[in-house]
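# Residue-level structure breakdown
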Amino acid sequence: MSAAAEAGLRRILAVVDLLIDAVDEETLVPALLPLLLAAVPGDSLIWAPRAGTADRTLTLPADLLSQDVRDAFAREAASDSLVRHTTLGPGTPMRRSTLQTRGEFHALAAYTDVYRPFGAEQQLAMSFPAGWADGAPRKVCLAISRRGGDFSDDDVLAAALLRTRLSHALDRLAPAAPAPAAVTRRESAVLALLARGLTNQQIARRLAISPRTVDKHLEHAYAKLRVGSRVAAANAWLTRGTSQVPARR
């Protein structure tokens, strides 16, 4: 193995070590970005969480994108083939030069308004599943830019190796919420009567159980419906056709 290859491998392993040891995403990402920019060398990096999250776009350097550049990107991203590959396509590591010639790139409005201001003459971009946020699957888009020479095949390979490991680490740190448990038949009966406006005492008489047992059934049902009051439970049960909490048969 050449000295350059060994150095590249050490940079990749530094990222992997950080991912293995990470205990939360908030601590991980600020430490991760400089290592990624070293593993796939460039002048700047953009880390953009998407879909189901309010997480803001992070950059290295931190002041890379002015508000004018962000606004221009929002207007013109749809016409950029690299953006489409990364956000709507498979998201595998892709050099801009693989998709378009230098002249085609410079002819884009996005080049003038977005990329030229921060010196993005060459780019390597990818995306990957990154766990869940706000109940929806999330994806992170990552772009590394250079002012000078293009990214090499080794750079693309390094990005591909890191892509899988980044996805696995973020899946671990931001897992999907567990599915709510199903209500039992008896809880279902209590909720049905509650939704009709009956008091606990009336429900108890109707089902031939004690009011204390009704309280217990409602306590368990509240947790499964993820509500905290009688009114919310009744509303959740009345709209159970779209609820994720089925009744157990």
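Predicted, not measured: the structure shown is a model, and the values here were computed from it.

A few words on empty space enclosed by the protein. In this structure the tally under the stated criterion is 1 cavity of 30 Å³ or more. As a volume, the largest cavity reaches approximately 70 Å³. In terms of lining residues, the largest cavity is bounded by L36, V40, L124, A125, M126, L142, I144, A159 and L162. Of all the elements in the fold, those that place two or more residues in the lining of the largest cavity are β4 (122-133), β5 (136-146) and α8 (153-173). For the lining of the largest cavity, the element with the highest residue contribution is β4, accounting for 3 residues. Looking at side-chain class alone, the lining of the largest cavity contains 9 nonpolar, no polar and no charged residues.

Okay, the packing of helix α2 (residues 25-39) against α8 next. At their nearest, the axes of α2 and α8 sit 13 Å apart, and the two run at 180° to each other. With respect to α8, the axis of α2 lies roughly antiparallel. Contacts between α2 and α8 pair E25, L28, L32, L36 and A39 from the former with A158, L162, L166, L170 and L173 from the latter. Grouping the constituent residues of the contact of α2 with α8 by class yields 9 nonpolar, no polar and 1 charged.

Let us now look at the environment of A136. Tracing the sequence through the fold places A136 in strand β5. Residues A136 and A109, 27 residues apart in the sequence, show an inter-C-alpha distance of 33 Å.

Reading guide: rules and limits
- Residues numbered from 1 in each chain as written.
- Predicted model: local features only at pLDDT ≥ 70, side-chain atom pairs only at ≥ 80, totals over all residues.
- Heavy atoms only, no water.
- 1 Å grid on protein atoms, 1.4 Å probe; cavity = no way out; pocket = protein on both sides within 12 Å on 5 of 7 lines; lining within 4 Å.
- Points joined across faces, edges and corners; volume = space filled by probe spheres on them.
- Helix = DSSP H or I, 4+ residues; strand = E, 2+ residues; numbered from the N terminus.
- Nonpolar A, V, L, I, M, F, W, Y, C, P; charged D, E, K, R; others polar.
- Axes fitted to C-alpha atoms, helices over the stretch in contact; angles between N-to-C directions.
- Parallel < 35°, antiparallel > 145°, perpendicular 65-115°, else oblique.
- Contact = heavy atoms within 4.5 Å.

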